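One-letter residues, chain by chain:
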Amino acid sequence: MRSPGRPEPSRAVQRAFWRLIASGVTTVEAAEGVGVSWPVGSRWFRHAGGMPPISLAEPTGRYLSFIEREEIALLHAQGHGVREIARRIGRDPGTVSRELRRNAATRGGKPEYRAVVAQWKAQQAAKRPKNAKLADNDRLRAYVQERLAGSVRRPDGTVVGGPVTPAWKGLNKPHRADRRWALAWSPQQISHRLKLDFPDDESMRISHEAIYQALYIEGRGALKRELVTCLRTGRALREPRARSRNKAQGHVTADVVLSERPAEAADRAVPGHWEGDLIIGTGRSAIGTLVERSSRSTILVHLPRLEGWGEKPPVKNGPALGGYGAVAMNAALMASMAELPSQLRKTLTWDRGKELSGHAQFTLDTGTKVFFADPHSPWQRPTNENTNGLLRQYFPKGTDLSRWTSEDLEAVALAINNRPRKILGWRTPAEVFEEQLYSVSATGVATTP
């Protein structure tokens, strides 16, 4: 058997790595969790397309485990005989004798038993190469490939070429750009349709997971990797489901979730409770929107790009130059709400965006308590969502929002606030908000904090 050089980690380590990946952690965290370097973990994930290339089921007790091989190596180095080693680990002496003879390291010129090398040799000897079903069955492969990547046709059978797209470079689908036109059946649709099209031919059967493996796992060879562009997601690497649900939201703690918001904010009878969000444009441009729940009055927050944007490449973990990083967002919100009386800026409800991860400092500086809506629950900020829909008339999706000045935003906000609303008895938000300001000033309380 060839020398392994530096043997790869054991299958037990690899299984533990893929279990951590399935739990939703990042590749770096999974690598650290099993004691391998992050480049190794990243390579495992990339070569397997994000899918476990080995079974995650633990092997039966018939085979020696890596822990047992470590015990054999330790006892053998201490000079214990085969029978004593076998007695201590609870194995047959013949098993231990064969292990020491077959899987010893020989690179130094004489046999020397090391657990890591022994585990690698055992794994190499246990391999049973098996061709993928799609690689062996040409008819099945042609069927799958046609439904996945076949041409779009008119009713008369004429092929519609669709847009011209650049060559695939191993990346995810392009953002806001043309994608290849294809039949684009999902692997699950293909798998189940085979049973209807070939009810009596058992050779024309394949699971949807086998199709995904043929697409994503390097070396399976049946389907070209670039055909992932025909999947709806268009991902170059498959994303574990738990990871897609495990979004980083460390800035949302138990005391700032929506259920902790004062009850008076829900009935809209008391002014001073706001909802906020971002309107996103191209080139990482954005506009902040603030809407008062009672009067529906709107404030647009100017978020200009910071100095250095577009002049130098972005720095990982460096300052956000797009204009809505945490520090820039806090400063812009403070500037927009500073002129309001403290009675009219009691709370602010935001979505789970990281742009407001500095909410604790914002609360200290302004006295406005920040709360976060539940994930994927836009109906918990209904006034803001409705207003954002109105604002898209002025700031359509796919346009650069950084070109508008603070004066431009003020003019749009003025137009929105002077539209009569049915919910307000056909009064305008500006009129209702003016009444609120007058009510606060009439109490004799200063209009500044």
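Coordinates for the structure precede this section.
Throughout, a residue's number is its position along its own chain's written sequence, starting from 1. In view of the model being predicted, local features appear only for residues whose pLDDT reaches at least 70, and side-chain atom pairs are presented and counted only at 80 or more, with totals across whole chains, interfaces and linings using the full set of residues. Excluding hydrogens and water, the side-chain figures rest on all heavy atoms present in the structure.

K.L.:
I'd like a rundown of the pairing of strand E3 (residues 273-280), residues and numbers included.
P.N.:
Summary of the burial criterion: residues with accessible area below 20% of their type's maximum are buried, those above 50% are exposed, and those between are partly exposed, where the area comes from a 1.4 Å probe applied to protein chains only. Runs of H or I in DSSP of at least four residues are treated as helices and runs of E of at least two as strands, each being numbered from the N terminus. Most of E3 sits inside the fold, with seven of its eight residues counted as buried. Examined bridge by bridge, E3 and strand E6 (residues 347-350) share three bridges and lie parallel to one another. Bridge pairing in E6 links Glu-275 to Thr-349. When DSSP finds two or more bridges between two strands, those strands count as paired. Sheet analysis places E3 next to strand E4 (residues 286-292), joined by seven bridges and oriented antiparallel. Across the sheet, residue Ile-280 finds its bridge partner in E4, namely Ala-286. Linking E3 to E4, which pair antiparallel, is a turn of five residues; within it Gly-283 sits at a positive phi near 60°.

K.L.:
Quick one: what's the story with the packing of helix H1 (residues 11-23) against helix H3 (residues 38-47), residue by residue and with numbers?
P.N.:
The N-to-C vectors of H1 and H3 enclose an angle of 75°; their axes lie 12 Å apart at closest approach. Looking at the two axes, H1 sits roughly perpendicular to H3. Contacts from Val-13, Gln-14, Phe-17, Trp-18 and Ile-21 in H1 reach Gly-41, Trp-44 and Phe-45 in H3. Grouping the constituent residues of the contact of H1 with H3 by class yields six nonpolar, two polar and no charged. Here the axes come from fitting lines to C-alpha atoms, over the contacting stretch only for helices, and the angles between their N-to-C directions go from 0 to 180 degrees. Every angle not falling under 35 degrees, over 145, or within 65 to 115 is termed oblique; those three ranges are roughly parallel, roughly antiparallel and roughly perpendicular. Residues are treated as being in contact if the distance between any of their heavy atoms lies within 4.5 Å. Three classes are used, and their members are as follows: Ala, Val, Leu, Ile, Met, Phe, Trp, Tyr, Cys and Pro are nonpolar, Asp, Glu, Lys and Arg are charged, and the others, Gly among them, are polar.

K.L.:
Could you give me a rundown of helix H6 (residues 93-102), with the residues and numbers involved?
P.N.:
The complete set of buried residues in H6 reads Val-96, Glu-99 and Leu-100. Relative to the axis of H6, the buried residues are bounded by an arc of 95° and lie together on one face. For H6, the exposed residues set more than 90 degrees away from the buried face come down to Arg-101 and Arg-102. If you follow the buried residues of H6, they end up packed against helix H4 (66-77), helix H5 (82-89) and helix H7 (115-126). Two or three places before Gly-94, at the opening of H6, Asp-92 has a side-chain oxygen 2.7 Å from that residue's backbone nitrogen. Think of it as the arc spanned by the lines of direction from the helix axis to the C-beta atoms. In protein, a polar contact means a hydrogen-donor-capable atom and an acceptor-capable atom, both N or O and within 3.5 Å, with residues adjacent in sequence counting only if both atoms are side-chain atoms; elsewhere, any N or O pair within 3.5 Å suffices.

K.L.:
Now, about H7: what can you tell me, with residues and values included?
P.N.:
Multiplying 1.5 Å by the helix residue count minus one yields the expected span of that helix. With twelve residues, H7 ought to run about 16 Å at 1.5 Å a step, and its terminal C-alpha atoms sit 16 Å apart, in line with that. Taken residue by residue, H7 has Ala-115, Val-117, Ala-118, Gln-119, Trp-120, Lys-121, Ala-122 and Gln-123 as its buried positions. Where H7 is buried, its residues touch H1, H4 and H6.

K.L.:
Can you explain the packing of aromatic side chains? Please cite residues and give values.
P.N.:
Aromatic ring pairs are described here by two measures, namely the spacing of the ring centres and the angle between the planes. Pairing of aromatic side chains requires ring centres within 6.5 Å, counting the rings of Phe and Tyr and the six-membered ring of Trp. Pairs whose planes differ by under 30 degrees are stacked, by over 60 edge-to-face, and all others tilted. Per the stated rule, a full pass over the model turns up seven aromatic pairs. Ring geometry for Trp-274 against Phe-433: centres 6.2 Å apart, planes inclined by 75°, an arrangement best described as edge-to-face. A residue pair is termed long-range when its members are at least 10 positions apart, and Trp-274 in strand E3 and Phe-433 in helix H17 (residues 429-442) qualify at 159 residues. Across this residue pair, the class does not change: Trp-274 and Phe-433 are buried. An aromatic cluster is present here, built from Phe-17, Trp-18, Trp-44 and Phe-45 joined pairwise through their rings. Lysine and arginine charges are scored as sitting over a ring when NZ or CZ, respectively, is within 6 Å of the ring centre and within 35 degrees of the ring normal. When the ring centre of Tyr-143 is taken as reference, the NZ or CZ atom of Arg-147 above it lies at 3.9 Å.

K.L.:
Tell me about the pairing of strand E5 (residues 298-302), and please be specific about residues and values.
P.N.:
With respect to burial, E5 is a largely interior element, four of its five residues being buried. Bridging between E4 and E5 involves five bridges; their strand directions are antiparallel. Following the sheet pairing, Gly-288 is matched in E5 by Val-301. Between the antiparallel neighbours E4 and E5 lie five residues, among them Arg-296 with a positive phi of about 65°.

Honestly, it's all geometry; don't read function into it.
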